[in-house]
Amino acid sequence: MKEKELRRSLSVLPIGTVMKLTDLSARQIRYYEQQGLVIPERNEGNRRMYSLNNVDQLLEIKDYLSEGINMAGIRHIYEQQKEREHAKQEQMQKSLTDTDVRRILREEIKAVGGLADRADKLSVHKKKL
DNA sequence: CTTCTCACA
DNA sequence: TGTGAGGA
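The notes below deal with the structure included here.

Basis of the calculations
Residues numbered from 1 in each chain as written. Chains lettered and ligands numbered in written order. Predicted model: local features only at pLDDT ≥ 70, side-chain atom pairs only at ≥ 80, totals over all residues. Heavy atoms only, no water. Pairing = 2+ DSSP bridges. Helix = DSSP H or I, 4+ residues; strand = E, 2+ residues; numbered from the N terminus. Near = heavy atom within 4 Å. Polar contact = N/O pair within 3.5 Å; in protein donor to acceptor, adjacent residues only side chain to side chain. Buried < 20%, exposed > 50% of the residue type's maximum accessible area, 1.4 Å probe, protein only. Salt bridge = Lys/Arg side-chain N within 4 Å of Asp/Glu carboxyl O.

This part covers the sheet that holds strand β3 (residues 48–50). If you walk across this open sheet you meet the 3 strands as β1-β3-β2, and the pairing is antiparallel. Each edge of the sheet is formed by a strand with only one pairing partner; in this case those strands are β1 (13–14) and β2 (41–42). Two strands pair when backbone bridges link them, and β1 and β3 are joined in this way by 2 bridges, in the antiparallel orientation. When the bridges of β3 are listed, leucine 13 appears paired with tyrosine 50.

Dropping the structure here:
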């Protein structure tokens, strides 16, 4: 299920195709790039090459604009999304830490079980893990 | 022919 | 945001 995302990330569309797909002018597409939104890759000839994900981003921006949101507003939405992703990454690290703690506890109980075996005590710990 | 950057009667 | 110039 990851090959699909990889393909959507491939930058193979020239600005002309993106214009038709998004119904946006080249001026607008380039302007949004200057504003830090939807930055395409550049080919060997300095030509902008967009991915399907880029097109989706452009379409999303287009929607926000149609809903009466200006560039500044869209920038705020962008910043908020970055903060959310940053927060998620921190939670991921905490989750990994918890996993490590569980692994360590499991090994401890396993070791204890090898020496003395109070079935009741072990079962209680196993439930928590 | 398509796209790029820059600038504005 | 549109448009035209001048180059690639």
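Structure shown, so let's carry the discussion forward.
Once that is clear, we can look at the protein's contact with DNA strand B. Around DNA strand B lies a shell formed by Pro14, Ile15, Gly16, Arg30, Arg42, Asn46, Arg47 and Arg48. Sugar plus phosphate: this is where 80% of the atoms of DNA strand B within 4 Å of the protein reside. In this structure, a phosphate oxygen belonging to DNA strand B sits 2.6 Å away from a side-chain N or O atom of arginine 30. Within the contact set of DNA strand B, a phosphate oxygen lies 3.2 Å away from a side-chain nitrogen or oxygen of arginine 42.

This next bit is on unusual backbone geometry. Leaving glycine out, the prevailing phi sign among residues is negative, and the prevailing peptide bond configuration is trans. Even without glycine at this site, aspartate 23 takes up a positive phi of about 65°. Within the secondary structure layout, aspartate 23 lies in the loop between α2 (15–22) and α3 (26–34). Exposure remark for aspartate 23: the relative accessible area of 61% places this residue in the exposed category. A positive phi is found at asparagine 46, a non-glycine position, where the angle reads about 65°. In this structure, asparagine 46 sits in the loop between β2 and β3.

Overall, the coordinates contain 5 salt bridges when judged by the stated rule. The partner of aspartate 100 in a salt bridge is arginine 103, and the shortest N-O contact between them spans 4.0 Å. Of this pair, aspartate 100 and arginine 103 both sit in helix α5 (residues 71–115), 3 residues apart, which is roughly one turn of that helix. Owing to a relative accessible area of 42%, arginine 103 belongs among the partly exposed residues under this scheme. Note that glutamate 107 and arginine 103 form a salt bridge whose closest N and O atoms lie 3.6 Å from each other. Remark: arginine 103 and glutamate 107 occur in helix α5; sequence separation between them is 4 residues, near one turn of the helix. On the basis of relative accessibility, which here comes to 46%, the residue glutamate 107 falls in the partly exposed class. One network of salt bridges, in which partners are shared, links Glu33, Arg42 and Arg48.

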